[in-house]
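Tertiary structure, described
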Amino acid sequence: MKNEVLKVVKIGGKLIENETKFSAFLDDFVALDGPKILVHGGGNLATEIAGKLGYKTQMFEGRRITDADSIKVITMVYGGFINKNIVAKLQGLQTNAIGLSGADGMSIVSKKRPVKEVDFGFVGDVEKVNSEFINSLLEQNITPVFSAISCTAEGLLLNTNGDSVAAEIAKAMSSIYKTELYFCFEKKGVLADAKNDDSVIEKIDREKYKELLEEKVISDGMLPKLHNCFQALESGVENIFLGDFRLLKKESVYTKISNQ
């Protein structure tokens, strides 16, 4: 186990679209000490580009159904424009970065989600993360920037939830480093009242999480994010934080997830 703390940071698509906040976030990301990994989303832009190409975006309970046309757009937008734009901006800030999908170095291997009540199409659930490959980049002082695209063992590209990608990377890397996981999105943290942006719950442990679930305080969009958080804690990730674009500085209010 290395003594350095590895920081795995997921940034949501809405923050990327806000030029001022995104620029401030990148400045803070670059300033982080030690090894770091960035994972990004970009769903809104994919929907916009799909519309311009004449493709209809289908959703089910807030989740994208990724048909044969959609995976083309997602690969172009996530793995192309957004990913390379982030890498270029990091290079401009003197941080040597490399843009990756799960197919690169077979770094994130997934299986296609089975058809149950709905066929999500080309959507993947992560099975394995190639921690040795990722670590080889970190040891060269290269910062990996992952889009939310994974790959099957047979070589099929799959759209994959960005929060899950970040959590699975953090879990895998925790066998090599002390690992922290950060979710930066448009809210200040987990909210007690979805309509009040200042109602941030600053600390959530398992008991509090159970209480929030029973009281149905957590909104549907936050449920899978918190599920990923507690799975990551069980798998060796030391600390998890959720907040807005200022989270990395920890100068504003945010939510910390812990086992205790």
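Quick look at the structure, then. These figures come from a predicted structure and were not determined experimentally.

Let's talk about the overall build of the protein chain
Secondary structure assignment for the protein chain yields eight helices and 14 strands. For 260 residues, the compact-globule estimate of 2.2 N^0.38 gives 18 Å, and the C-alpha radius of gyration of the protein chain, at 17 Å, lies within 12% of that figure. In terms of overall dimensions, the protein chain has a C-alpha envelope of 45 × 45 × 35 Å along the principal axes. Long-range contacts, defined as pairs at least 24 residues apart, comprise 72% of the intrachain contacts of the protein chain with a sequence gap of at least 6. Of the charged side chains in the protein chain, 33 are positive and 36 negative, and the gap between their average positions amounts to 1 Å.

Comments concerning the packing of aromatic side chains
Aromatic ring pairs are defined here through the distance separating the ring centres and the angle between the ring planes. Within this structure, the stated rule accounts for five aromatic pairs. A ring pair is formed by phenylalanine 25 and phenylalanine 29, whose centres lie 6.2 Å apart and whose planes are at 20°; its orientation type is stacked. Pair noted here: phenylalanine 25 and phenylalanine 29 are both in helix α2 (residues 19–31), with a separation of four residues, about one helical turn. Given a relative accessible area of 0%, phenylalanine 29 falls into the buried group. Look at phenylalanine 241 and tyrosine 254: their rings are 5.8 Å apart centre to centre, the planes differ by 75°, and that puts the pair in the edge-to-face class. With phenylalanine 241 in strand β13 (residues 239–243) and tyrosine 254 in the loop between β13 and β14 (255–257), this residue pair connects regions lying 13 residues apart in the sequence.

The rules we used
Residue numbering note: each chain is counted from 1, following its sequence as written. In view of the model being predicted, local features appear only for residues whose pLDDT reaches at least 70, and side-chain atom pairs are presented and counted only at 80 or more, with totals across whole chains, interfaces and linings using the full set of residues. Note that water and hydrogens are dropped before the side-chain values are worked out from all heavy atoms of the structure. Every helix listed is a DSSP run of H or I at least four residues long, and every strand listed is a run of E at least two residues long, numbered separately from the N terminus. With C-alpha atoms as the basis for the radius of gyration, the globule rule is written as 2.2 Å multiplied by the number of residues raised to the power 0.38. Contacts are assigned to residue pairs with any non-hydrogen atoms lying within 4.5 Å of each other. The positive count covers Lys and Arg only, the negative count covers Asp and Glu only, and His and the chain ends enter neither. Think of each charge as sitting on NZ of Lys, CZ of Arg, CG of Asp or CD of Glu. Only rings of Phe, Tyr and Trp enter the pairing, Trp through its six-membered ring, and a pair is recorded when the two centres are within 6.5 Å. The plane angle decides the type: under 30 degrees is stacked, over 60 is edge-to-face, the rest tilted. Only protein chains enter the area calculation, which uses a 1.4 Å probe; residues under 20% of their type maximum are buried, those over 50% are exposed, and those in between are partly exposed.

Function cannot be inferred from these measures alone, as they are strictly geometric.
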